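Listed below, chain by chain, are the residues.
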Amino acid sequence: NVRPSWQWSSDRRTFDAWRDGLTGFPFVDCFMRELKATGYCNHMGRECSGWFLIGDLGMDWRMGGEWFESMLLDYEPTANWFNWTYRCLPAAARGGA
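Because the structure is predicted, anything quoted here is derived from the model rather than measured.

Novice: How should I be thinking about the overall build of the chain in this particular structure?
Specialist: A tally of helices and strands in the chain yields 5 helices and 0 strands. Listed N to C, the secondary structure of the chain is α-α-α-α-α in terms of helices and strands. In the chain, buried positions account for 41% of the 97 residues. When the accessible surface of the chain is summed, it comes to about 5600 Å², and 54% of that surface belongs to carbon and sulfur atoms.

Structural data, given as structure tokens:
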């Protein structure tokens, strides 16, 4: 079971900061700025920014999945949603928010 013990946040300001690469964490921000500017983000960037959105910011993972879906030039549904549900969610559940 990968359901966390906390409620997912849908705070728009927090999500917008993540989306725009303005979280204050350069490692995450660089990937999100690249995605916004080019439509591309490497695999490590996708996973790390996803883990951060869920585990550190406590945001609803579906918001991140939808953002990636709308932005990625190399979007592939199975790969996108697999990474969110089987890579990011378990990592977040281990660490909490």
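Novice: Help me out: how do you make sense of the environment of Trp 51 in this one?
Specialist: Tracing the backbone shows Trp 51 in helix α3 (residues 43-56). Linking Trp 51 and Trp 61, residues 10 residues apart in sequence, is a C-alpha distance of 9.0 Å.

The rules we used
- Per chain, residue numbering runs from 1 following the sequence as it is written.
- Since the coordinates come from a predicted model, pLDDT governs what is reported: local features require at least 70, and pairs of side-chain atoms require 80 or more to be given and counted, while whole-chain, interface and lining totals use all residues.
- Side-chain calculation: all heavy atoms of the structure are included, whereas hydrogens and water are not.
- Secondary structure elements are defined from DSSP: runs of H or I of at least 4 residues count as helices, runs of E of at least 2 residues count as strands, and each element is numbered from the N terminus.
- Relative accessibility decides the category of a residue: with a 1.4 Å probe and only protein chains considered, values under 20% of the type maximum give buried, values over 50% give exposed, and everything between is partly exposed.
- Here the open area of atoms and residues is found with the Shrake-Rupley method and a 1.4 Å probe, where only the protein chains shown may cover a residue.

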